[in-house]
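Observations on the model geometry
For reference, the chains in residue letters:
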Protein chains: 2
Amino acid sequence: MTVRRIEVRERVMERNDVLARDVRRRLDDAGIIAYNLVSSPGSGKTLLLERTLAGVGEELRIGVVTGDVQTQNDADRLAHHTDRLVQAVVTGGACHLDALQMQDALDALDLTALRILFIENVGNLVCPASWDLGERAKIVVLSVTEGEDKPLKYPKMFQQARHVIINKMDLLPYVPFDIERCVAYAREVNPSLEFFRVSALTGQGMEDWFRFLKESAWAGSPV
Amino acid sequence: MTVRRIEVRERVMERNDVLARDVRRRLDDAGIIAYNLVSSPGSGKTLLLERTLAGVGEELRIGVVTGDVQTQNDADRLAHHTDRLVQAVVTGGACHLDALQMQDALDALDLTALRILFIENVGNLVCPASWDLGERAKIVVLSVTEGEDKPLKYPKMFQQARHVIINKMDLLPYVPFDIERCVAYAREVNPSLEFFRVSALTGQGMEDWFRFLKESAWAGSPV
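Below, the structure is looked at part by part. Remember, it's a predicted structure, so these values are computed and weren't measured experimentally.

Section: the relation of the copies chain B and chain A
One copy of the chain maps onto the second through a rotation about an axis and a displacement along it. Superposition of chain B onto chain A requires a rotation of 180° combined with a translation of 0.0 Å along the rotation axis, giving an RMSD of 0.0 Å. As the rotation angle and translation indicate, the two copies are arranged about a two-fold axis. A share of 100% of the interface residues of chain B reappears at the interface of chain A, consistent with the copies meeting face to face through the same patch.

What about the nonpolar core?
The biggest cluster of nonpolar side chains holds 56 residues, and the ones touching the most others in it are Phe158 and Ile166 of chain A together with Ile166 of chain B. Breaking this core down by element, the ones donating at least two residues are strand 5 (137–143), helix 6 (155–160), strand 6 (161–167) and helix 7 (179–189) of chain A together with strand 5 (137–143), helix 6 (155–160), strand 6 (161–167) and helix 7 (179–189) of chain B. Once you skip the residues sitting within four places of it in the chain, Ile166 of chain B turns out to touch Leu142, Val144, Phe177, Ile179, Val183, Phe195, Phe196, Arg197 and Val198 of chain B. The next biggest cluster of nonpolar side chains, apart from the first, holds 27 residues, and it includes Leu37, Phe118, Ile165 and Phe196 of chain A.

Let's talk about the pattern of salt bridges
Tallied over the entire structure, the rule returns 24 salt bridges over all chains. Its salt-bridge partner being Lys153 of chain B, residue Asp74 of chain A comes within 2.6 Å of it at the nearest N-O pair. On the criterion of chain membership, the pair formed by Asp74 of chain A in helix 3 (residues 73–79) and Lys153 of chain B in helix 5 (residues 150–153) is interchain, its members lying in two chains. This pair shows no difference in class: Asp74 of chain A is buried, exactly as Lys153 of chain B is. Note that Arg211 of chain B and Asp208 of chain B form a salt bridge whose closest N and O atoms lie 3.0 Å from each other. Linking Arg211 of chain B with Asp208 of chain B, this pair stays in helix 8 (residues 206–219), spanning 3 residues, or about one helical turn.

So, the side chain of Thr46 of chain B
All names here are of chain B. Within the secondary structure, Thr46 sits in helix 2 (residues 45–57). Judged by relative accessible area, Thr46 falls into the buried class, the value being 6%. A distance of 2.5 Å separates polar atoms of two side chains, one belonging to Thr46 and the other to Glu120. Apart from the residues within four sequence positions on either side, Thr46 is in contact with Asp74, Arg77, Leu78 and Glu120.

Notes on the interface of chain B and chain A
In this complex, chain B contributes 45 residues to the contact, which on the side of chain A involves 45 residues. Of the roughly 3,500 Å² buried between chain B and chain A, counting both surfaces, carbon and sulfur atoms make up 61%. Across the pair Lys153 of chain A and Asp68 of chain B runs a salt bridge, and its minimum N-O distance is 3.5 Å. Of the residues contributing to the side of chain B that touches chain A, the split by class is 22 nonpolar, 11 polar and 12 charged.

Observations concerning the packing of aromatic side chains
Where two aromatic rings form a pair, the distance of their centres and the angle of their planes describe that pair. Taken as a whole and judged by the stated rule, the model has 13 aromatic pairs over all chains. Ring centres 5.9 Å apart and planes at 40° place the aromatic pair Phe118 of chain A and Trp209 of chain A in the tilted group. With a gap of 91 residues between them, Phe118 of chain A in strand 4 (residues 116–120) and Trp209 of chain A in helix 8 (residues 206–219) connect regions that are remote in the sequence. Seen from their ring centres, Phe196 of chain B and Trp209 of chain B are 5.4 Å apart, and the 75° between their planes marks the pair as edge-to-face. Of this pair, Phe196 of chain B sits in strand 7 (residues 194–197) while Trp209 of chain B sits in helix 8, and the two are 13 residues apart along the sequence. Judged by relative accessible area, which is 10%, Phe196 of chain B ranks as buried. Residue Trp209 of chain B is classed as buried on the basis of its relative accessible area of 0%. Aromatic rings pair up to connect Tyr35, Phe118, Phe196, Trp209 and Phe212 of chain A into one cluster.

Parameters at a glance
- Residues numbered from 1 in each chain as written.
- Chains lettered and ligands numbered in written order.
- Predicted model: local features only at pLDDT ≥ 70, side-chain atom pairs only at ≥ 80, totals over all residues.
- Heavy atoms only, no water.
- Least-squares fit on C-alpha atoms with pLDDT ≥ 70 in both.
- Contact = heavy atoms within 4.5 Å.
- Core = buried A, V, L, I, M, F, W, Y, C linked by side-chain atoms within 4.5 Å.
- Buried < 20%, exposed > 50% of the residue type's maximum accessible area, 1.4 Å probe, protein only.
- Helix = DSSP H or I, 4+ residues; strand = E, 2+ residues; numbered from the N terminus.
- Salt bridge = Lys/Arg side-chain N within 4 Å of Asp/Glu carboxyl O.
- Polar contact = N/O pair within 3.5 Å; in protein donor to acceptor, adjacent residues only side chain to side chain.
- Buried area = accessible area lost by both parts, 1.4 Å probe.
- Nonpolar A, V, L, I, M, F, W, Y, C, P; charged D, E, K, R; others polar.
- Phe/Tyr/Trp six-rings, centres within 6.5 Å; stacked < 30°, edge-to-face > 60°.

What follows is the structure, given as structure tokens:
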């Protein structure tokens with residue numbers, strides 16, 4: 001049973017990788033940098049994006065593709081904050097976005113209007129690690145309420161990512177979370193990870209995040 | 001591609017359901033009540049279980065099967081707190097426990113020593129909703145830091161569950177979380193849900209939870 005399941009899964013993955021290459025080519029041709037935001041449910045991805053759109057959305061021509069299991073609440077929230085393009089994908093119960101859904105989302109977007117495209121993946125620290133969406137990089141959003149051991153418990157996600165945003169820094173005084181240990185655990189599974197420490201709610205650390213996005217957009221080079 | 005994936009998934013699910021029936025029969029024969037704890041990563045399942053084992057583990061003859069993607073950190077933490085049996089299942093990257101793994105876990109446990117068996121599922125609000133493990137009931141652990149909209153965003157999990165433990169109540173003053181709205185959203189997708197409001201960290205509300213477990217153990221009837 002186990003062997004069979006893995007074989008089928010690998011065939012589906014291979015097809016996803018082919019589609020993801022097409023997505024990546026289309027994004028490159030349009031000069032768009034795509035970041036795939038992955039996290040647990042409730043880590044604060046949507047608020048982070050709301051504040052990012054409010055702060056630098058116009059300047060950096062930011063668009064968003066949201067992936068939700070059932071609702072399009074996130075897309076509705078984001079649409080209030082920007083006249084940039086927001087495209088909702090409802091996965092209908094599936095636990096991750098896939099490259100086929102990204103192709104459909106790109107068809108629905110005006111790619112000439114965008115410079116940075118965020119993909120807000122389904123809240124899930126396991127499955128989205130395995131699905132290439134044609135992004136330039138995966139960024140893990142991890143909140144300080146989740147515990148510093150998450151990089152060890154969900155290593156594939158941290159191996160696949162290039163950046164980690166440690167969010168909800170305003171709650172640090174109230175939770176048993178050792179931030180240095182979290183960073184050390186994450187570097188244990190992926191030594192090249194880069195970190196941001198922010199509170200999307202209070203704005204703490206958001207300037208560093210905006211600066212990174214500006215440098216990404218201006219340089220146009222892989223970061 | 002989508003149709004094919006669903007068909008394969010359904011065949012795998014059907015086989016899981018057959019195995020889950022066998023697990024349920026073995027648990028019933030041994031007089032064991034099993035609760036499947038499901039949640040996002042970092043909701044506090046392990047600390048809740050640590051405190052539960054410390055509080056009523058001996059009295060209620062509680063054992064635990066932990067499901068982790070890679071590590072057995074949770075099982076090691078729990079083993080410090082009890083001489084009840086703790087059995088670790090490492091899913092090797094899979095995003096949920098399945099009934100086959102439960103069968104293996106039961107083989108490794110002394111079922112005659114147990115009255116209540118907790119299954120600490122992989123931290124994931126999507127996939128474990130679809131996998132019957134032979135449990136009496138699923139219990140969602142939701143922390144107040146995750147946002148009150150989670151029942152709407154991950155409805156299948158809340159439909160499948162019988163109880164919700166709202167955890168980290170000690171953080172309520174510091175987060176934008178409307179607990180009444182959360183309860184209303186959850187009842188929107190499943191009107192029969194029952195709630196506990198606890199802080200495993202401070203002990204707040206834990207007596208209600210222990211009382212429920214005692215009543216479950218003493219009655220021996222489905223709760």
